[in-house]
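Structural overview for review
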Amino acid sequence: MHSSQRISLVGAGLNGPLLALGLTERGYKVSIHERRPDMRRVRMSAGRSINLALSTRGIHALTQGGLWEQMQDIVIPMKGRMMHSVSSELTFQPYGKDPSEVINSISRAELNISLMNAAESRGVKIRFQHRCVGMDLRTGELRLQDETSGKNVTVESDAVIGCDGSASAIRNEILKLPRFNFSQQYLDYGYKELTIPAGDDGSHVLEKNALHIWPRGNYMLIALPNIDGTFACILFLPFEGENSFGSLTTQVAVQQFFQSRFPDAFALMPNLTDNFFANPIGAMVTIKCSPWHVDERALLLGDAAHAIVPFFGQGINCGFEDCTVLLDLLDRHGPDWKRVFSEFEQARKVNTDAIADLAVENFVEMRDKVADPKFLLRKKVELALEAKYPQQFVPKYAMVTFHRVPYSTALRRGQVQDAMLSELCESLERVEDLDWSHAAHLIRTKLAPLELS
Ligand SMILES: Cc1cc2nc3c(=O)[nH]c(=O)nc-3n(C[C@H](O)[C@H](O)[C@H](O)COP(=O)(O)OP(=O)(O)OC[C@H]3O[C@@H](n4cnc5c(N)ncnc54)[C@H](O)[C@@H]3O)c2cc1C
């Protein structure tokens, strides 16, 4: 136990409270400084994207924190993608080879509240409406502004961890140091949150246990189920050009666009135009930077260190995996912060860079390829290969979502598997005609030499 060590976390979003909980259980005195008011007392939007998909990495971290069991009432398992064509035909594509391979829809606000409740119940102090306005990286002193009184406050601690998201104030401080590497890459696409209300009896008006996608080439709509019978939808569109947010400036334009491109969804969205014009357009960015720490005094974790675009549904799963790795290192080395922070970055950076690239790649798959019959055949071949060679051939989506193999391994093996699938599917019309001896040869020569760990 390390009761004399005080740790300050900036940000009570999703990663902050989970990490705080793990640190408190190891005997550290933890306080979190959060710029927003307490969402349990003040009605407010939980921020970006009202729903999240939780999968194996996130679930593992929540289980370690003793939280997953109690979240069963607030998650909805999604067994696969339900694609909606322009003529409203439905195609279901399971995520995995067996029914246990599901992803879980959860409200961001409910998740955040559960995490904060759990952290506080184990002794974490959360100070709301305290915005971090800077940090002295030589002394570790944190500078906060009390948003209610406007007063400045300083906090001293043994280590500071910036869990303050993609616009991190702690990262901005580190950015002032020489030789800090930083890149941010925005997509030309934005997103807007919309809602499909529940039916009159409070039930879901679309298949409940699926992630719905209306893929339309260079844009798409998705919908995730909520426990109250509603669906949280996200519309992804280019900022400018044809079929863009820039071209949807009137109620009539929005209605016509939805009616012609997403007719079955349009019929279920009575408040479409009100929602559309009330909700902001969000931007999506990939942020890579290094180093993530300054000696033993400050560390970046979660989106503050590595924001990614949302198309693999991995942002928070990856952030929660950060928490798992950091806590494991603390268990191994104790509060040797410099060593722990350095080994943490060494272990994670290569993997967070990999999931950042995979997430951008998956955008093309979701908006464009999922509707293509060739792609659907490829997915069937993937599942057939996995069924026959479960130890060797694990689809890329499964490696990322249902396993905890390093993301960098998923990227590397995924590239090899993609090349194999292209070769095997080149002139294939039906999965039944797959050339199994060629498949066995490819697995033996290309995949077996790569470790799945
Ligand atoms: C449209 C969209 C959909 C997504 N869907 C998924 C998904 O399905 N699955 C998934 O795993 N991930 C998803 N993500 C990613 C996920 O939302 C993020 O990875 C996750 O929220 C990061 O958690 P965090 O705690 O690092 O940062 P955040 O959740 O952003 O929390 C940061 C906290 O820090 C506070 N803060 C910021 N600045 C300061 C300051 N100066 N002082 C004090 N406090 C501060 C903020 O108020 C906030 O509470 C999605 C993201 C988007 C945009």
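An account of the accompanying structure is given in this report. What you see is a predicted model; the values in this text were computed from it and never measured. (Residues numbered from 1 in each chain as written. Predicted model: local features only at pLDDT ≥ 70, side-chain atom pairs only at ≥ 80, totals over all residues. Heavy atoms only, no water.)

Re the overall build of the protein chain
- Counting secondary structure elements, the protein chain contains 14 helices and 19 strands.
- Here the C-alpha atoms of the protein chain give a radius of gyration of 23 Å, agreeing with the 22 Å that 2.2 N^0.38 yields for 453 residues.
- Projected onto its principal axes, the C-alpha positions of the protein chain cover 65 × 55 × 40 Å.
- With 453 residues in all, the protein chain has 55% of them scored as buried.
- For the protein chain, restricting intrachain contacts to residue pairs at least 6 apart in sequence, the fraction spanning at least 24 positions comes to 70%.
- Surface accessibility of the protein chain: about 19600 Å² in total, with carbon and sulfur atoms responsible for 49%.
- Within the protein chain, the 54 negative side-chain charges are centred at a point lying 4 Å from the centre of the 49 positive side-chain charges. (Helix = DSSP H or I, 4+ residues; strand = E, 2+ residues; numbered from the N terminus. Rg over C-alpha atoms; globule rule 2.2 N^0.38 Å. Buried < 20%, exposed > 50% of the residue type's maximum accessible area, 1.4 Å probe, protein only. Contact = heavy atoms within 4.5 Å. Areas by Shrake-Rupley, 256 points an atom, 1.4 Å probe, with all protein chains shown as cover. Lys, Arg positive; Asp, Glu negative; His and termini not counted. Charge placed at Lys NZ, Arg CZ, Asp CG, Glu CD.)

A look at unusual backbone geometry
- Here the amide bond leading from S290 into P291 is cis, since omega sits at 0 degrees, within 30 degrees of zero.
- Along the polypeptide, P291 turns up in the loop between β17 (282–290) and β18 (293–294).
- With phi around 65 degrees, S88 is a residue other than glycine that occupies positive phi space.
- Note on placement: S88 falls in the loop between β5 (80–84) and β6 (90–94).
- Judged by its relative accessible area of 31%, S88 falls in the partly exposed class.
- For N243, which is not a glycine, the phi torsion comes out positive at approximately 50 degrees.

Description of the site of the ligand
- Around the ligand, the surrounding shell holds 31 residues, and the nearest of these are E34, A53, R108, C132 and I316.
- C132 is positioned with one of its backbone polar atoms (N or O) 2.8 Å from a nitrogen atom of the ligand.
- Contact between the ligand and I316: an oxygen atom at 2.8 Å from a main-chain N or O atom of the residue.
- Of all the elements in the fold, those that place two or more residues in the shell around the ligand are β3 (51–54), β9 (130–136) and α9 (315–333).
- Here the shell around the ligand is composed, by residue class, of 11 nonpolar, 12 polar and eight charged. (Near = heavy atom within 4 Å. Polar contact = N/O pair within 3.5 Å; in protein donor to acceptor, adjacent residues only side chain to side chain. Nonpolar A, V, L, I, M, F, W, Y, C, P; charged D, E, K, R; others polar.)

Topic: the packing of helix α11 (residues 373–388) against helix α13 (residues 407–425)
- Viewed as axis vectors pointing N to C, α11 and α13 meet at an angle of 110 degrees, and their least axial separation amounts to 10 Å. Accordingly, the angle class assigned to the pair α11 and α13 is roughly perpendicular. Where α11 crosses over α13, the two elements pack in a sense that is right-handed. Counted together, K374, R378, V381, E382 and L385 of α11 and D418, L421, S422, L424 and C425 of α13 form the full contact between these two elements. (Axes fitted to C-alpha atoms, helices over the stretch in contact; angles between N-to-C directions. Parallel < 35°, antiparallel > 145°, perpendicular 65-115°, else oblique. Left-handed = near helix turned anticlockwise from the far one by under 90°.)

Quick notes on helix α2 (residues 56–64)
- Buried residues of α2: R57, G58, I59, A61 and L62, and no others.
- In the segment just after α2, G66 is the residue with positive phi, at about 75 degrees.

Topic: the sheet that holds β3
- Strand order in the open sheet formed by three strands is β3-β7-β4, and the pairing between neighbours is antiparallel. The sheet is open, and its two borders are formed by β3 and β4 (75–78), each paired with just one other strand. Each adjacent strand pair in this sheet contributes to an overall mean axis angle of 30 degrees, direction not counted.
- Bridge analysis of β4 against strand β7 (residues 103–107) gives four bridges, and the strand direction is antiparallel. By the bridge assignment for β7, I76 is matched with S105.
- Strands β3 and β7 of the sheet are contacted by helix α3 (residues 108–121), whose axis makes an angle of about 80 degrees with β7. (Pairing = 2+ DSSP bridges.)

Some remarks on the pattern of salt bridges
- Counted by the stated rule, this structure contains 24 salt bridges.
- Among the ionic pairs, R36 bridges to E34, the shortest N-O distance being 3.3 Å. For the pair R36 and E34, one class covers both residues: buried.
- Notably, a salt bridge pairs R297 with E296, separated by 3.6 Å at the nearest N-O pair. (Salt bridge = Lys/Arg side-chain N within 4 Å of Asp/Glu carboxyl O.)

Describing α13
- If you check α13, its first and last C-alpha atoms are 26 Å apart, about what 19 residues at 1.5 Å a residue would give, namely 27 Å.
- Along α13, the residues classified as buried are Y407, S408, T409, A410, L411, R413, G414, Q417, M420, L421, L424 and C425.
- Buried residues along α13 sit against α2, α9, α10 (337–367), α11, α12 (396–401) and α14 (436–447). (Expected span 1.5 Å × (residues − 1).)

Let's talk about the sheet that holds strand β11 (residues 152–155)
- The strand order β9-β10-β11 describes an open sheet built from three strands, whose pairing is antiparallel. Strands at the two margins of the open sheet, each flanked by one partner only, are β9 and β11. When the angles between neighbouring strand axes are averaged without regard to direction, this sheet yields 30 degrees.
- Pairing between β9 and strand β10 (residues 141–146): six bridges, direction antiparallel. When the bridges of β10 are listed, H130 appears paired with D146.

A word on the nonpolar core
- L9, L19, L23, I161 and F320 are the most contacted members of the largest nonpolar core, which has 66 residues in total.
- Here this core gets seven residues from one element, more than from any other, and that element is α9.
- With residues up to four places along the chain from it excluded, the contact list for L19 reads L9, I161, C163, L301, C323, L326 and L327.
- Core analysis: the second largest hydrophobic core is formed by 37 residues, A53, I103, Y191 and A356 among them. (Core = buried A, V, L, I, M, F, W, Y, C linked by side-chain atoms within 4.5 Å.)

Regarding the packing of aromatic side chains
- Counted according to the given criterion, the structure contains 17 aromatic pairs.
- Ring plane angle 40 degrees and centroid distance 5.5 Å describe the contact between Y219 and F257, whose orientation is recorded as tilted. One end of the pair, Y219, is in the loop between β14 (211–215) and β15 (220–225); the other, F257, is in helix α5 (residues 251–261), with 38 residues separating them in the sequence.
- Residue Y219 is classed as buried on the basis of its relative accessible area, which comes to 4%.
- Ring geometry for Y219 versus F262: centroids 6.1 Å apart, planes at 80 degrees, classification edge-to-face. Here Y219 is found in the loop between β14 and β15, whereas its partner F262 is found in the loop between α5 and α6 (263–266), with 43 residues between them in sequence.
- Since its relative accessible area comes to 0%, F262 is described here as buried. (Phe/Tyr/Trp six-rings, centres within 6.5 Å; stacked < 30°, edge-to-face > 60°.)

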